[in-house]
Amino acid sequence: MLALDRIIDAARAAPRSIVLPEGSDPRIAAGARRAVDEGIARPILLGAHEEVLAALGGDARGIAIEDPATAPRGEAYSEALHLLRRAKGMDLPAARRRIREPLAYAAMMVRQGDADGTVGGAVATTAETVRAALQIIGLAPGAKIVSSFFLMILCEEYHAQKGAYVFSDCGLVIDPDAAELADIARAAAHSYTAMTGEAPRVAMLSFSTNGSARHQRVDKVVEAVRLVRQAEPDLVIEGELQFDAAFVATVGAAKTAPGSQIRGDANVFVFPNLDAANIGYKIAQRMGGAKAIGPVLQGLARPANDLSRGCSQDDVFHMIALTCAQASRADAGRALPSAMPARVDSLWQSPRPSTDLGVTRAG
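So, how was this worked out
Residues numbered from 1 in each chain as written. Predicted model: local features only at pLDDT ≥ 70, side-chain atom pairs only at ≥ 80, totals over all residues. Heavy atoms only, no water. Helix = DSSP H or I, 4+ residues; strand = E, 2+ residues; numbered from the N terminus. Rg over C-alpha atoms; globule rule 2.2 N^0.38 Å. Buried < 20%, exposed > 50% of the residue type's maximum accessible area, 1.4 Å probe, protein only. Contact = heavy atoms within 4.5 Å. Areas by Shrake-Rupley, 256 points an atom, 1.4 Å probe, with all protein chains shown as cover. Lys, Arg positive; Asp, Glu negative; His and termini not counted. Charge placed at Lys NZ, Arg CZ, Asp CG, Glu CD. Pairing = 2+ DSSP bridges. Axes fitted to C-alpha atoms, helices over the stretch in contact; angles between N-to-C directions. Salt bridge = Lys/Arg side-chain N within 4 Å of Asp/Glu carboxyl O. 1 Å grid on protein atoms, 1.4 Å probe; cavity = no way out; pocket = protein on both sides within 12 Å on 5 of 7 lines; lining within 4 Å. Points joined across faces, edges and corners; volume = space filled by probe spheres on them. Nonpolar A, V, L, I, M, F, W, Y, C, P; charged D, E, K, R; others polar.

1. A word on the overall build of the protein chain
Working step 1: When you go through the protein chain residue by residue, the secondary structure sums to 15 helices and 11 strands.
Working step 2: Computed over the C-alpha atoms, the radius of gyration of the protein chain is 20 Å, within 12% of the 21 Å expected from 2.2 N^0.38 for a compact globule of 363 residues.
Working step 3: Looking at the 363 residues of the protein chain, the share that counts as buried comes to 54%.
Working step 4: Within the protein chain, residue pairs in contact and separated by at least 24 positions form 73% of the contacts whose partners lie at least 6 positions apart.
Working step 5: Total accessible area on the protein chain is roughly 15300 Å²; 52% of this is exposed by carbon and sulfur atoms.
Working step 6: Charge separation in the protein chain, taken as the distance between the mean sites of 39 positive and 41 negative side-chain charges, equals 2 Å.

Right under this line is the structure:
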């Protein structure tokens, strides 16, 4: 069975409530309808009731419709947002205006436990989608940054090696330092388990394998591995590794040291920067024929994911399924942060956030 089929089956076994802020978009409506028909989720579509119902072709069976502009819980959400953001200068009237925006309303639904996850970005930019998630849902306990991954699926006859793999970070963090790279690696490992139910084997990629080259960029990867092992001693992680040593068994046996736990059988690939990750996943997708699903966000307290503005209804359906998988693995008892760390907040002061955050798309 394909890894994606397993994810869909897992979602079907425990359907989750997923809020989609762009409910009047036909692709969102079609993806939500399929999610209901296949029994994987309980969608909530945001928007003017008449517009959302029209996008659904008049058939809202199994789908809740909610308009942030008129919803009864809007005032409670506004008060919650005011408390959350008043240290950043947001007064109650500003919170009321903000919560009428579907992305913010959806994020607050997730924060308040009225939905298990949210999926947006079919209309909004990545920067807008991630900003709402960061400011309202916040970072997971222990996480320092939000990053992303692509689920790469090799399932065609011509793929000599088949399976599901995580590539990270292909969409957000441009040039992580060693600590940030370690955070990305840990998040990617947990994302892999959430998606597949299997144990992660993390390869920290570089142009060097076990000291075959010396450079400060190699040192960064080596330090990231040390930090991960310090934080999670039981996690299987190695690096620095070249991609062939991490993916091809014969190459791994030749290049890695005796006793290596990864010899061509890594399933999580962490790239040293966004240049390498973005290029790598697109080569795998376009030349290698891999199915690329994402970018899926990681590091948030609760699931919130981004779609490509060029997404199809199938992309919407698959992202709903992935978000359900994340929600099922989430620790329901963990506390949400009261506010964002200052460093993450400053990320959004870039004059061109869409350049930093919207550079990679599965389509």
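2. What to know about the sheet that holds strand β10 (residues 291-298)
Working step 1: If you trace the six strands from one edge of the open sheet to the other, you get β8-β7-β9-β6-β5-β10, paired in mixed fashion. Edge positions in the sheet fall to β8 (236-241) and β10, since each of these pairs with one other strand and no more. The mean inter-strand angle of the sheet, taken between neighbouring strand axes irrespective of direction, is 20°.
Working step 2: Sheet topology places strand β5 (residues 147-154) next to strand β6 (residues 163-168); six bridges connect them, and they run antiparallel. Looking at β6, one finds that Leu 151 is bridged to Val 166.
Working step 3: Its contacts with the sheet place helix α9 (residues 216-231) against β7 (201-205) and β8, and it is angled at close to 170° to β8.

3. Details of the pattern of salt bridges
Working step 1: In this structure the tally under the stated criterion is 19 salt bridges.
Working step 2: For Arg 98, the salt bridge identified is with Glu 101, shortest N-O distance 2.5 Å.
Working step 3: A relative accessible area of 16% means that Arg 98 is categorised as buried.
Working step 4: Through salt bridges with shared partners, a single network forms among Asp 9, Arg 12, Arg 34, Glu 38 and Asp 314.

4. Things to note about empty space enclosed by the protein
Working step 1: Tallied over the entire structure, the rule returns two cavities of 30 Å³ or more.
Working step 2: Empty space within the largest cavity amounts to approximately 70 Å³.
Working step 3: For the largest cavity, the full set of lining residues is Pro 21, Leu 103, Ala 107, Thr 118, Gly 120, Thr 129, Ala 132, Ala 133, Ile 137, Ala 304 and Asn 305.
Working step 4: Among the secondary structure elements, those contributing two or more residues to the lining of the largest cavity are α6 (102-111), β4 (117-120), α7 (126-137) and β11 (304-306).
Working step 5: Element by element, the count of residues in the lining of the largest cavity is highest for α7, at four residues.
Working step 6: Class assignment of the residues belonging to the lining of the largest cavity gives a composition of seven nonpolar, four polar and no charged.

Function cannot be inferred from these measures alone, as they are strictly geometric.
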